[in-house]
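Take a look at the letters that make up each chain.
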Amino acid sequence: MSDPDTSAQTGTIQQFYEALLKSDAYSAKNLTLFQDNVLKDLLPFVAKHVPFYRGKLAPVFRGDGSYNPANWSKLPILTAAELRNNRESFRPTELPASHGAVARYVSSGSTGRAAAFYRSALSEVAQNAAHNRHYRAFNLDPQRNLAMIRAFDTTLARSRPVPADRSKIPWTAEWFAGGPPGIIHRLTVFTPVARQVEWLCGLGEVYLNTFPSNALAIARHVARHPEGKPHLLAILTAGEPLTEEIRRQCSEHLGCSCIDLFSNAECGVIACDCPLGNVMHVQSELCRVEILNRNDKPVRQGAWGRLIVTPLYNFAMPLIRYDTGDLVRAAGPCICGRNHLAIERGMGRPSNMFYLPRKNWFRPELDTAMMEVLLANNKWQLLQTGATTFALRYMPKNSDGKIDMRKLRAVLNRALGPATALEIQPVAALGPASSGKFMAISNRHQLPTYSGLMSTSLTTRSQ
């Protein structure tokens, strides 16, 4: 989320937003035509001005140099390793003036490795417009304030937290709010949870923007201390998998719903929760999304596949058929009636799922409230450490701990299976990572290759 009223592009954002409201009613065919209309400008530009792609896009050009959509699937798929090893060669030798200035960002990402990426002003306009459509779909009140608990400086956040209220920065534009917009209150996610809750209580009625793992930590704290419940209007989540368990805990203990947005640093906004259906809708006007199997063919409805994304407006760092490393499941038509591609909510990636030959890929079915009781409210993380070995790490607050190891092992064996080996280890500290993210389910084992991964029938017992 950028600061809307600090940009000279506000008028353009409004125009883009109004166009998105119209395209909400497009048919699937018209959405594809919309994408092809943008690609016919993007692809010739990339072929000519982006060093990495020279000679690689020939299959989609006719003899006269025009774009041939029929050959889209013949283009090579871009891997994360190719992007990582050739990052600067994705920058164009020039940029059309209509795309505005280029901004450089640095993201630690899920791996914790710093990586630079670039966005044009036009790409930022599209992102902001999509955010506004997301807010409107859920009838959010842009004149209310927004509390944002995230990592703002991943290098300094642990030792030098951002003050709670840096300035009076609006979180939407005045034209969108229909009056004075609400402001952003900021707090670093590395703040102890008890202090976060105290801070939220002092803000009155607010929306909360944070990581799903942090939303769960707040919900569990309030479950133990209901007298200190903050007044949250809704929780806007992004950056980690939002499971149904987290949604349930937030609804039960914080009295509000979670509204999820799926994005990454390289591609921007990819999909958003639907207010009516139990799915997420791809932002088809901003990116072309494909869900492919190990043979690079589209998966059937209900099947898992690799998420391949082509951002349509970021000429400053074009990515064509980029394999994000995420695993998603294609959903059927949504009850809301929109024709934007739908994906099921329970997406993930190998690093936050487990793999066992008899189960394939899955997330263990664990009730967080029960785990807290069994672990005497100590923070925990469950890791896969080998082909059939797991480790539960917990951070003891007291020397005695009062943990019933027998019951704890019984619960974990039911979730993982009796044939697995489980080690329970106390540790001095547990996350979050420098990015502010924390994965309670984490795979540290040498994972199968991507092609091998997609040869399995992916299943999840609990999302």
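Residues numbered from 1 in each chain as written. Predicted model: local features only at pLDDT ≥ 70, side-chain atom pairs only at ≥ 80, totals over all residues. Heavy atoms only, no water.

Asker: Now, about the overall build of the chain: what can you tell me, with residues and values included?
Answerer: A tally of helices and strands in the chain yields 11 helices and 19 strands. Within the chain, buried positions represent 53% of all 463 residues. Carbon and sulfur atoms make up 50% of the accessible area of the chain, which totals about 20,200 Å². (Helix = DSSP H or I, 4+ residues; strand = E, 2+ residues; numbered from the N terminus. Buried < 20%, exposed > 50% of the residue type's maximum accessible area, 1.4 Å probe, protein only. Areas by Shrake-Rupley, 256 points an atom, 1.4 Å probe, with all protein chains shown as cover.)

Asker: Tell me about the sheet that holds strand β4 (residues 184-188), residues and numbers included.
Answerer: Pairing is mixed across the open sheet formed by eight strands, whose spatial order is β4-β3-β5-β6-β7-β8-β9-β13. Both edges of this open sheet fall to β4 and β13 (342-344), since each of them pairs with a single strand only. In this sheet, neighbouring strand axes are inclined to one another by 25° on average, regardless of whether the strands run parallel or antiparallel. In terms of strand pairing, strand β6 (residues 232-237) meets strand β7 (residues 258-264) through three bridges, oriented parallel. Directly across from I235, in β7, lies its bridge partner C258. Against the sheet, helix α7 (residues 212-224) engages β3 (145-150), β5 (206-210) and β6, with an angle of about 125° to β5. (Pairing = 2+ DSSP bridges. Axes fitted to C-alpha atoms, helices over the stretch in contact; angles between N-to-C directions. Contact = heavy atoms within 4.5 Å.)

Asker: Got a sec to walk through the sheet that holds strand β12 (residues 322-329)? Specific residues and values, please.
Answerer: What the three strands build is an open sheet, ordered β10-β11-β12; its pairing is antiparallel. The open sheet has two edge strands with one neighbour each: β10 (287-292) and β12. Going from strand to strand, the sheet's axes swing by 30° on average, the running direction of each strand aside. Across six bridges, the pairing between β10 and strand β11 (residues 304-311) is antiparallel. When the sheet's bridge partners are listed, E290 is paired in β11 with I308. Its contacts with the sheet put helix α2 (residues 28-49) on β10 and β11, and the angle it makes with β10 is roughly 110°.

Asker: Mind laying out the packing of α7 against helix α8 (residues 244-254), listing which residues take part and the relevant values?
Answerer: Close contact between α7 and α8 brings their axes to 9 Å; oriented N to C, the two are set at 40°. The chirality of how α7 crosses α8 is left-handed. For the pair α7 and α8, contact is made by P212, A215, L216, I218, A219, R220, V222 and A223 and by I246, Q249, C250, H253 and L254, respectively. (Left-handed = near helix turned anticlockwise from the far one by under 90°.)

Asker: Give me the pattern of salt bridges: which residues, what numbers.
Answerer: If you walk through the whole model with that rule in mind, you get 22 salt bridges. As a salt-bridge pair, E372 and R224 come within 2.8 Å of each other at their nearest N and O atoms. Here E372, found in helix α9 (residues 368-374), pairs with R224, found in helix α7; they are 148 residues apart in sequence, far enough to count as distant. Judged by relative accessible area, E372 falls into the buried class, the value being 12%. (Salt bridge = Lys/Arg side-chain N within 4 Å of Asp/Glu carboxyl O.)

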